[in-house]
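Here is how the chains run, residue by residue.
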Amino acid sequence: MISRFFFPCPLPHSGEIELPDALAHHALRVLRLRDGDPLVLFDGRGGELAARLQVCGRNACAVGGEHHALERESPLSLVLVQALASGEKMDWIVQKAVELGASALVPLQAERSVLKLSGERAQKRVAHWRQVAISACEQSGRNRVPEIEPITGLREYLASNAAAASRFVLTPVDGRRLASLARPEAALHLLVGPEGGWSDDELAMCRAAGCVPVGLGPRVLRTETAGLAAVAALQALWGDF
């Protein structure tokens, strides 16, 4: 496997490219790449650049080669609206959702979320999740980095996304089977509750806002399982699985 790196600025299509310190450190000290080794750079705007590493002492740059207009995005525009989960579960959810092809992720502060974030702490955690998303793109071959939106509340989300074409809310009770639903014509938003599940008031808000209740069979899944299982199922139904 040729190592892939996210480049934080617009990439030139050729010539010598100075690598940021963090990228150079990862290439040289972590991956132990050597002078002349091939690598791939992408800037999140689509396409990727084949290059070779050029090492000068402790510094490194890349010599650009051929630019490839490759897209590995799913035809299904799927936004995962995930209630905050505790511990490292959110890292796992972000990483796997990106690998599975989600186009964006909205972290949601729900009533029963164990994890409570606000202010500077919330901003730092979102910045961390954005780095998790970048790493997942490097690993999975995606050339566009999904947006990780700021943490919001359910009421605010429902109000600000009133024009979303389709919104599904996962519930273990009275949810429709995914296979029984029509393919959405535009973006699809999938709402997943926290460890303690949605409250009755939250489910009522979702239904009033036009969200379609959907289920994943007779078993009750953990929050870190449910959303990812649904993303995979939706990709199999309407995406590129």
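Above this note sits the structure.
Thresholds applied
- Residues numbered from 1 in each chain as written.
- Predicted model: local features only at pLDDT ≥ 70, side-chain atom pairs only at ≥ 80, totals over all residues.
- Heavy atoms only, no water.
- Core = buried A, V, L, I, M, F, W, Y, C linked by side-chain atoms within 4.5 Å.
- Buried < 20%, exposed > 50% of the residue type's maximum accessible area, 1.4 Å probe, protein only.
- Helix = DSSP H or I, 4+ residues; strand = E, 2+ residues; numbered from the N terminus.
- Contact = heavy atoms within 4.5 Å.
- Axes fitted to C-alpha atoms, helices over the stretch in contact; angles between N-to-C directions.
- Left-handed = near helix turned anticlockwise from the far one by under 90°.
- Nonpolar A, V, L, I, M, F, W, Y, C, P; charged D, E, K, R; others polar.
- Salt bridge = Lys/Arg side-chain N within 4 Å of Asp/Glu carboxyl O.
- Phe/Tyr/Trp six-rings, centres within 6.5 Å; stacked < 30°, edge-to-face > 60°.
- Lys NZ or Arg CZ within 6 Å of the ring centre and 35° of its normal.

**Brief notes about the nonpolar core**
- Of all hydrophobic cores here, the largest spans 40 residues; its most connected members are Leu80, Val94, Trp129, Phe168, Leu190 and Leu234.
- With eight residues, the top contributor of residues to this core is helix α3 (residues 119-140).
- The contacts of Phe168, once residues within four sequence positions are left out, are Leu178, Leu181, Leu188, His189, Leu190, Leu191, Val212, Val214, Leu234 and Trp238.
- The next biggest cluster of nonpolar side chains, apart from the first, holds 17 residues, and it includes Phe5, Phe7, Leu41 and Ala60.

**Topic: the packing of helix α2 (residues 89-100) against α3**
- Where α2 contacts α3, the axes come no closer than 8 Å and their chain directions differ by 40 degrees. Two packed elements cross with a definite hand, and for α2 against α3 that hand is right-handed. Note on element contacts: α3 touches α2 through His128, Trp129, Val132, Ala133, Ala136, Cys137, Gln139 and Ser140, opposite Met90, Asp91, Val94, Gln95, Val98 and Glu99.
- Looking at the contact of α2 with α3 residue by residue, the class counts come to eight nonpolar, four polar and two charged.

**Considering the pattern of salt bridges**
- For the coordinates displayed, the defined rule picks out nine salt bridges.
- The partner of Glu71 in a salt bridge is Arg144, with the nearest N and O atoms 2.8 Å apart. Of this pair, Glu71 sits in the loop between β5 (59-68) and β6 (78-83) while Arg144 is found in the loop between α3 and β8 (147-148), placing the two residues 73 residues apart along the sequence.
- As a salt-bridge pair, Glu99 and Lys96 come within 3.6 Å of each other at their nearest N and O atoms. Separated by three residues within a single helix, Glu99 and Lys96 lie in helix α2, roughly one turn from each other.
- Glu99 sits in the partly exposed class, given a relative accessible area of 33%.
- Salt bridges here are not isolated pairs; linked through shared partners, they connect Arg4, Glu48 and Arg72.

**Comments concerning the packing of aromatic side chains**
- A complete count under the given rule lists two aromatic pairs for this structure.
- Taking 5.7 Å as the distance between ring centres and 65 degrees as the angle between the ring planes, the aromatic pair formed by Phe6 and Phe42 counts as edge-to-face. Remark: Phe42 occurs in strand β3 (residues 38-42) and Phe6 occurs in strand β1 (residues 3-6); sequence separation between them is 36 residues. For the pair formed by Phe6 and Phe42, the shared burial category is buried.
- If you follow Lys96 out to its NZ or CZ, it ends over the ring of Trp92, 4.8 Å from the centre.

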